[in-house]
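# Close look at the chain arrangement
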Amino acid sequence: MNISAATLAQLRLAAQRILPTSISPTPGPVDVVRWQTALQGQDFPGVLFSIGLRAPGSTRTQVAAAFDSAAVVRSWPMRGTLHVTLAEDLGWLLALTGQRTAAGLAARHRELDITATDVDQAREAALELLGSGPGRATRDELFAAFERAGQRTASQRGTHLVFMLCLQGTLVQGPINPAGNGNTQFFVPTDHWIRHPRTLERGQALAELALRYFRSHGPATVKDFQWWTKLTMADIKCGMALVADQLESLECNGVRYWLAPETAELLSGTVPGARSVVLLPGFDEYLLGYTDRSAALAPGHTALIVPGKNGMFKATVVAGGRVAGTWRKAQSASERQRAGAVFAEPFTVLRPAQDRALDKAAAAYAQFLGH
């Protein structure tokens, strides 16, 4: 079957559960993370909303509770980038990806004079700190412990030491630090915080990761999946061979895409989403979950979403599956009076129906914040 890029984008809205459909029962925050497997999360307030918008009616407080209860955590399981995952999934994800991620940092660690011995000394310092206090620590407290142990933390050295301890499964970001306006987390010992980690054989893990990615992100290509995980193509082929019979495939512009059967079933009727308007945070999986973002993002708009190509994605207004503008939380009293919780900047004038849908999305965001 051949589909248009517009239909492909709308199918992704459904698969990612950004739009409620008959195939997606109303989930809670933990259900969302389970479905997505991993959500890019270097912007912590943003990823809280990424979870919340997929769990209609949920508030930021309810999403935060999933972290405080140890159901979900944040670490670096893929691409050297922070992601939110289920606590029980983190171990097997790191087992798949951690070694390649660490290998990719070897040159940088030589520049920072970080050796395996240094990482071990940092680990001892971190565990001593966590074992003698409340069992949780801020990044600054970890850095101070590293310095006392003779490990320098300046020039990103401390950041890389913390990164390695998380990559090796010693530490994880768990409960939210109330002193940081709810925008930061405490580091905790992984083996104490994650009580029931799942253990998968490598082939089983590759199969599960492939199936869950294409079910939650499809239509997507094998190239998208390889970029998302940074696994070797040999591993990608192994995973796909094990699950291809559980997926459907279709073509768009001569390229083969894989997706869940229930997402493909939407093609038998009118695919939802053509008239939708949604607000997405800057690093949402709807854009960041693929190496080819052209179905949702016109090339001419890329510079408006990622100014200067600096890797910092602005929050987006998405209309009918296509990025149609940017938005931010209203800051000043005049902005709030004029625009409510959201100050949107569409690329073009929206139609009256789209304006009403945007107002509804802004009201949902305000409800998420608890306003």
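This part is about the sheet that holds strand 8 (residues 277-280). The four strands are arranged 8-9-10-11 in an open sheet whose pairing can be described as antiparallel. In this open sheet, the two edge strands, each paired with only one partner strand, are strand 8 and strand 11 (342-346). Neighbour-to-neighbour, the strand axes of this sheet turn through a mean angle of 30 degrees, independent of strand direction. Across five bridges, the pairing between strand 10 (residues 322-329) and strand 11 is antiparallel. Bridge assignment links Lys-329 to a residue of strand 11, and that residue is Val-342. This element, helix 18 (residues 352-369), spans strand 8, strand 9 (316-319), strand 10 and strand 11 of the sheet and lies at about 40 degrees to strand 8.

Turning to the pattern of salt bridges, a few remarks are in order. Across all of its chains, the model carries 12 salt bridges by this definition. In this structure, the salt-bridge partner of Asp-284 is Arg-54, at a minimum N-O distance of 2.8 Å. With Asp-284 in the loop between strand 8 and helix 15 (285-288) and Arg-54 in the loop between helix 3 (44-53) and helix 4 (60-68), this pair connects stretches of sequence that are 230 residues apart. We note that Asp-284, like Arg-54, is buried.

Before going further, it helps to examine unusual backbone geometry. Pro-219 follows Gly-218 through a cis peptide bond whose omega is 15 degrees. Among the secondary structure elements, Pro-219 is positioned in the loop between helix 11 (202-217) and helix 12 (222-229). Of note in the backbone geometry, Gln-156 takes a positive phi value of approximately 75 degrees without being a glycine. Structurally, Gln-156 can be placed in the loop between helix 8 (139-148) and helix 9 (157-167). Judged by relative accessible area, which is 47%, Gln-156 ranks as partly exposed.

Rules and cut-offs
Residues numbered from 1 in each chain as written. Predicted model: local features only at pLDDT ≥ 70, side-chain atom pairs only at ≥ 80, totals over all residues. Heavy atoms only, no water. Pairing = 2+ DSSP bridges. Helix = DSSP H or I, 4+ residues; strand = E, 2+ residues; numbered from the N terminus. Axes fitted to C-alpha atoms, helices over the stretch in contact; angles between N-to-C directions. Contact = heavy atoms within 4.5 Å. Salt bridge = Lys/Arg side-chain N within 4 Å of Asp/Glu carboxyl O. Buried < 20%, exposed > 50% of the residue type's maximum accessible area, 1.4 Å probe, protein only.

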